[in-house]
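For reference, the chains in residue letters:
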Amino acid sequence: MQIDPNDRLIAPDPTLRRRDRDAAPAPEAAAAAVAAPAEEAPRRKKARRGGPFRWLRRMVTIVFAIGLVGAVAAVGGAFALISYYARDLPDHAGLKDYQPPVMTRIHAGDGRLMMEVATERRIFVPVDQIPPMVRQAFVSAEDQNFYAHRGVDPIAVARAVIVNVQNYGQGRRPIGASTITQQVAKNMLLGNEVSFARKVREAVLALRIEEVLPKDRILELYLNEIYLGQSAYGVASAAMTYFNKSLDEITLAEAAYLAALPKAPNNYNPWRNPEAAKVRRDWVIDRMLEDRAITAEEAAAARAEPIRVRPSRLPDMVTASYYAEETRRHLVERFGLQAVNEGGLSVRTSLNPELQAMADRALRAGLLSYDRRRGGWRGAERRLDLPAQQLRSGWAAALAAVPRMPGMLREWQLGVVVELNDQRALVGWLERADGRAAPQSRTGILPMAEMTWARRALDEGRLGPVPRNPRDVVAPGDVIMVEPVQAPAPSGNGARGQAQAAQQAAQVPQGAQRLALRQIPEVEGALVALDPHTGRVMAMSGGWSFEKSQFNRATQAQRQPGSSFKPYIYLAALEYGMTPATRLLDAPICFDQGPGLPRWCPSNFSNNFNFYITLRRALERSLNLVTVRLANELGMDTVADYAARFGVVDRMPPALAASLGAVETTVLRQAAGFAMFVNGGRRVVPTLIDTVQDRNGRMIWRADQRECGECRAEAVGGRTPPVVPDTRPQVIDPGAAYQMVSILQGAVQRGTGGRAALNRPVAGKTGTTNDVLDTWFVGFTPDMVTAVWVGFDEPSPLGGETGGSLAAPIFRDFMTEAMAGRPPVPFRIPPGLRFVRINPVTGMEASGPGSVMEAFRPGTGPNETAEPEMGEGGHTGAAALDTGLGGLY
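This structure is a prediction, so every number in the text was calculated from the model and none was measured.

Student: Explanation requested: the state of the cysteines in the structure shown.
Tutor: Note on terminology: a disulfide is the covalent bond linking the sulfur atoms of two cysteines. Inspection of the entire model under this criterion finds one disulfide. Residue pairing for C590: its cysteine sulfur links by disulfide to C601, the two sulfurs lying 1.8 Å apart. In this structure, the disulfide formed by C590 and C601 twists by about 115 degrees around the S-S bond and is classed as right-handed. One end of the pair, C590, is in the loop between β16 (583-586) and β17 (611-614); the other, C601, is in the loop between β16 and β17, and 11 residues separate them in sequence.

Structure (structure tokens):
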């Protein structure tokens, strides 16, 4: 019964009675409790003592649960982070077939390297061709656990974290823990961005790369891709750059140095920081010893070895800059820029290095000769304004600040005039043994005999008087170009020779270095030599110096050929039925040019005329009046057709002045055109490249497209080699081609090309344009055609020069050296020609002194009378004699 606070009775709660009943102990339990009171008390005390451990267990459980939840959250967050940054990773599967950009190498005809073309200078080497010592050096230096981890090295990461935490706030650069696989991912797929995101992407990509690529393939990509300074990518290129060796030639110490470079190539530059370079290299050696890749004895010997770098990367490299650059342009036109810069092409050209060196020497000698005759002395390059005493003691430091002039030849030196007297100048210069060593100061004597050419250049092409004293040429402090030379041998005998020797000794004391005054010519030129039977270009000089100007005057300069164009017109006349003995009229002639225009009255170079003259002698003497009459009779359409056939001018204007060479062409085109004379009239397409191979050695292009199924070695066996058919089109009749060869031989023997004569059969034609803006000589022997041009880049008169006086001597000097040691060979005569001895004046059959042997095609022969074959063909008159026009020669 419950009592309400208001003293009201409340009915009893049945649940309370039930709880009371359930809670009441059973009789047996009550008896037990009464029977053992002494045992229950210790239990309760023990339970009270275990209470704190129970709470500790609860705390550990709670902390563990929180940690577990945090770990799950961290893993989930990491997974989400990785998924976020990995959502647009590049496709790493492509690395299976990845080919790094490899430089294209251009070789001369003898196989020597001529040029390397690349955005990244790299030589790809398969991993099995990389020496184990080199591979181990990079593994020890960059990733000791490379063969153990799966793309990311946890040990290296932990070490980097500890070190970076210890260094925090000390201003030190954080260290990384990138594996070789991660570096491959960064270098080839991600780039060099410095960020946390890039590191995450790099690690994820490294793990994926390890799933699809074996370790050796990853190492191969790394060793061929890594940048190692000095524009060298990959270990093979670096070995060549620093040591001028292939990988199988480098030593342990050199391999360790290469492995020291990936961290910071500029910091370990062996020329600028040799001490730091050695410290880093020795650290790599210690790592290799730690990895037991080398023995202690090998490590000690490698540490004792100095770092010997070779500054001259490729000493045997062929120097032919104009040829190489023209080849590169041809490759880009055919294969595209990317294929040339990154495709690893191997290109074999037709360049003959010996002929190229001869061409450069001959052209430069000719340009120097003209510059001395006509250009005059244009003064010192600059001045060092120092007091006399300071100049004597401090000239070396002042001269060191003066850069070399573009266009200086390798053997020339930049010197400063230190002292002067009436006979000589004392000149100091800095001699550099190589491009990196400190220069050594030298002094020499510049005698008056080496300055007599240096007449002052005045206005309008005039020259001052011949200098008599060194002070007329130079002054103390002048910076000039000089070349160390040997004293010339006395030209006289007896007393005269002794006097010359005494004069030389007075100017240059015994033991002193003799110097010659030098000057870069303003005039330019070009020379091309090719094989007339194949069109293979064997030498090409496009100017004085590629360093001074990369413009190739052999292929890019469009210049007027002048009278060197005339043979094409005379050849057309021969094919139209004339003979070398045909009598033509050489007399004044004028042509109407149209309403409102003056009459055009050409004249010969000499302003004289011969009336009747044979076709042979007209071309040998380069007579303009005969040439214009021929072109007028043939028609300018015919002349234009022949110019196009020979590849000299594609679209020739229908103006008679064009027949005298008033059109534009190139030196290379002229050489190819004349080649068709000597090869019997077959088409010649000049080529610089013989073959092109891809990076795997597969032939992808060749110049000679002729098929020869029997040319394989197994097909030939011991039999006579087969003859490859000549499928080139016949441009002109072989008989007419030989007649032109014979006439051009006469041009050298009796005509305007006399200064091109050699001690062997040679033919050729001079060319000089109006106002002597261009001078030419195009000549040939039976097996070589050489074209020479000389002029200014900005057309200016060359003075009193002609093609015969300026270009022909360059041809002669080159061909004399090129043909040295070769036996003379006659020009090839095609079948069907008939040879008759004739009078060169009348063209009639004759014998005895003065007669010449002439070739006649079938159905033609010598003149039966002395009457001309072709009349005036135009307006003539006495007034034409006084036109005053210079004409072309």
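Student: Explanation requested: the environment of V204 in the structure shown.
Tutor: Along the chain, the position of V204 falls in helix α8 (residues 196-212). Between the C-alpha atoms of V204 and V152, which are 52 residues apart in sequence, the distance is 8.7 Å.

Student: So what exactly am I meant to see when it comes to the packing of aromatic side chains here?
Tutor: Within a pair of aromatic rings, the relevant descriptors are the distance that separates the centres and the angle that separates the planes. With the rule as written, the count across this model stands at 23 aromatic pairs. Between Y242 and Y257 the ring centres are 5.6 Å apart and the planes differ by 80 degrees, which places this aromatic pair in the edge-to-face class. In this pair, Y242 is assigned in helix α10 (residues 235-243) and Y257 in helix α11 (residues 252-260), connecting sequence segments 15 residues apart. Site record: aromatic cluster; members linked through ring pairs are F565, Y568, F646, F674, F677, F780 and F827.

Student: I tried to follow the sheet that holds strand β18 (residues 689-693) on my own but got confused; where do I start?
Tutor: The five strands are arranged β4-β3-β7-β18-β19 in an open sheet whose pairing can be described as mixed. Pairing within the sheet leaves two strands with one partner each, and these edge strands are β4 (113-117) and β19 (699-702). Between one strand and the next, the sheet's axes are offset by a mean angle of 15 degrees, whatever the strand orientation. Relative to β18, strand β7 (residues 346-349) runs antiparallel, the two sharing four bridges. Each bridged residue has a counterpart across the sheet, and for T349 the counterpart in β18 is I689. Against the sheet, helix α14 (residues 321-335) makes contact with β3 (104-107), β4, β7, β18 and β19, and its axis sits at roughly 45 degrees relative to β4, the strand it touches most.

Student: Quick question: what am I supposed to make of the pattern of salt bridges here?
Tutor: For side chains of opposite charge, pairing can occur when their charged atoms come near one another. The final tally for this structure, using the stated rule, is 46 salt bridges. For R122, the salt bridge goes to E120, with nearest N and O atoms at 2.8 Å. Of the residues examined, R122 reaches a relative accessible area of 0% and is grouped as buried. Between E225 and R122 there is a salt bridge, with the nearest N and O atoms lying 3.6 Å from each other. On the criterion of sequence distance, the pair formed by E225 in helix α9 (residues 215-225) and R122 in strand β5 (residues 121-122) is long-range, its members being 103 residues apart. Across the pair, R122 and E225 agree in class, each one buried. Put simply, E325, E326, R328 and R329 are held in one network by salt bridges that share partners.

Student: I tried to follow the nonpolar core on my own but got confused; where do I start?
Tutor: When a protein is soluble and globular, its nonpolar side chains tend to lie buried together. Core analysis: the biggest nonpolar cluster contains 89 residues, and V528, F646, M652, F677 and F780 have the highest contact counts within it. No other element matches the nine residues that helix α23 (residues 667-678) contributes to this core. Beyond its immediate chain neighbours, meaning those up to four positions away, M652 contacts F565, M636, V639, A640, A643, A658, S659 and V663. In this structure, A362, W395, V402 and A818 belong to the second largest nonpolar core, which totals 50 residues.

Student: What is the right way to read helix α26 (residues 803-818) from this model?
Tutor: The end-to-end C-alpha distance of α26, which contains 16 residues, comes to 21 Å, matching closely the 22 Å that a straight helix rising 1.5 Å per residue would cover. Counting buried positions along α26 gives 12 out of 16 residues, so the element sits mostly inside the fold. Buried residues along α26 sit in contact with α16 (353-375), β14 (524-530), β20 (763-768), β21 (774-781) and β22 (784-791).

Student: I keep staring at the side chain of E210 and nothing clicks. Help me out?
Tutor: Mapped onto the elements, E210 comes out in helix α8. A polar contact of 2.6 Å, which involves the side chain of E210, links it to the side chain of T181. Once residues lying within four places of it in the same chain are set aside, the contact partners of E210 are H149, R150, G151, T181, K215 and I218.

Student: Sorry, what's going on with the sheet that holds β22 here?
Tutor: Hydrogen bonds along the backbone pair up the strands of a sheet, which may run parallel or antiparallel. Ordered by their spatial adjacency, five strands build an open sheet running β15-β14-β22-β21-β20, and the pairing between neighbours is antiparallel. Looking along the sheet, the strands with just one partner apiece sit at the ends: β15 (537-541) and β20. Adjacent strand axes in the sheet meet at a mean angle of 5 degrees, parallel and antiparallel pairs treated alike. Strand direction decides the pairing type here: β21 and β22, joined by eight bridges, are antiparallel.

Student: Whenever I open this one, the environment of E575 confuses me. Can you help?
Tutor: Position of E575 relative to the elements: it lies in helix α19 (residues 566-575). Once the C-alpha coordinates of E575 and A736 are considered, the two residues, 161 residues apart in sequence, prove to be 6.2 Å apart. The contact partners of E575, leaving out residues within four places of it in the chain, are Y642, R645, I732, D733, A736 and R857. Of the polar contacts made by the side chain of E575, one reaches the side chain of Y642; its length is 2.5 Å.

Student: So what exactly am I meant to see when it comes to the packing of α23 against helix α25 (residues 734-749) here?
Tutor: When two helices pack together, their arrangement is given by the angle between their axes and by how far apart the axes lie. Across the interface, α23 lies against α25 with an axial gap of 7 Å and an inter-helix angle of 110 degrees. Of the possible angle classes, the one that applies to α23 and α25 is roughly perpendicular. Contacts between α23 and α25 involve F674, M676, F677 and V678 from the first element and A737, M740, V741 and L744 from the second. The residue makeup of the contact of α23 with α25, split by class, is eight nonpolar, no polar and no charged.

Student: Quick question: what am I supposed to make of unusual backbone geometry here?
Tutor: For residues that are not glycine, phi is negative in most cases, and the peptide bond is trans in most cases. One non-glycine residue with positive phi stands out, namely N244, at about 55 degrees. Looking at the element boundaries, N244 is found in the loop between α10 and α11. On the accessibility criterion, N244 (25% relative accessible area) is partly exposed. If you check the backbone angles, V772 has positive phi at about 50 degrees while not being a glycine.

Student: What's the story with the packing of α19 against α23 in this structure? I'm lost.
Tutor: Look at α19 against α23: their axes get within 11 Å of each other, and the N-to-C directions meet at 30 degrees. With respect to their mutual orientation, α19 and α23 come out roughly parallel. Where α19 crosses over α23, the two elements pack in a sense that is left-handed. For the pair α19 and α23, contact is made by P567, Y568 and L571 and by Q670, G673, F674 and F677, respectively. Across the contact of α19 with α23, the residue classes tally to five nonpolar, two polar and no charged.

Student: Explain the side chain of D586 to me, please; I cannot follow it from the model alone.
Tutor: Assignment of secondary structure puts D586 in strand β16. R629 provides the closest opposite charge to the buried, salt-bridge-free D586, at an N-O distance of 5.8 Å. A distance of 2.6 Å separates the side chain of D586 from the side chain of N610, its partner in a polar contact. Excluding residues that lie within four positions of it along the chain, D586 makes contacts with N604, F609, N610, F611, I613, L623, L625 and V626.

Student: Can you help me understand α25 in this one?
Tutor: Since one α-helical turn is 3.6 residues long, residues separated by three or four positions face the same way. Counted at 1.5 Å a residue, the expected span for α25 with its 16 residues is 22 Å, and the 23 Å between its end C-alpha atoms agrees. Most of α25 sits inside the fold, with 14 of its 16 residues counted as buried. In this structure D733 caps α25, since a side-chain oxygen of it lies 2.9 Å from the backbone nitrogen of G735.

Student: Before we go on, may I ask you to explain the pairing of strand β13 (residues 514-518) in this structure?
Tutor: One face of the sheet, then the other: side chains in a regular strand alternate in exactly this way. Most of β13 sits out of view: five of its five residues are buried. Here β13 shows a buried face lined by R514, A516 and R518 and a second buried face lined by L515 and L517. In terms of strand pairing, strand β12 (residues 478-485) meets β13 through five bridges, oriented antiparallel. Bridge pairing in β13 places V482 opposite L517.

About the criteria used
- Residues numbered from 1 in each chain as written.
- Predicted model: local features only at pLDDT ≥ 70, side-chain atom pairs only at ≥ 80, totals over all residues.
- Heavy atoms only, no water.
- Disulfide = S-S within 2.5 Å.
- Helix = DSSP H or I, 4+ residues; strand = E, 2+ residues; numbered from the N terminus.
- Phe/Tyr/Trp six-rings, centres within 6.5 Å; stacked < 30°, edge-to-face > 60°.
- Pairing = 2+ DSSP bridges.
- Axes fitted to C-alpha atoms, helices over the stretch in contact; angles between N-to-C directions.
- Contact = heavy atoms within 4.5 Å.
- Salt bridge = Lys/Arg side-chain N within 4 Å of Asp/Glu carboxyl O.
- Buried < 20%, exposed > 50% of the residue type's maximum accessible area, 1.4 Å probe, protein only.
- Core = buried A, V, L, I, M, F, W, Y, C linked by side-chain atoms within 4.5 Å.
- Expected span 1.5 Å × (residues − 1).
- Polar contact = N/O pair within 3.5 Å; in protein donor to acceptor, adjacent residues only side chain to side chain.
- Parallel < 35°, antiparallel > 145°, perpendicular 65-115°, else oblique.
- Nonpolar A, V, L, I, M, F, W, Y, C, P; charged D, E, K, R; others polar.
- Left-handed = near helix turned anticlockwise from the far one by under 90°.
- Lys, Arg positive; Asp, Glu negative; His and termini not counted.

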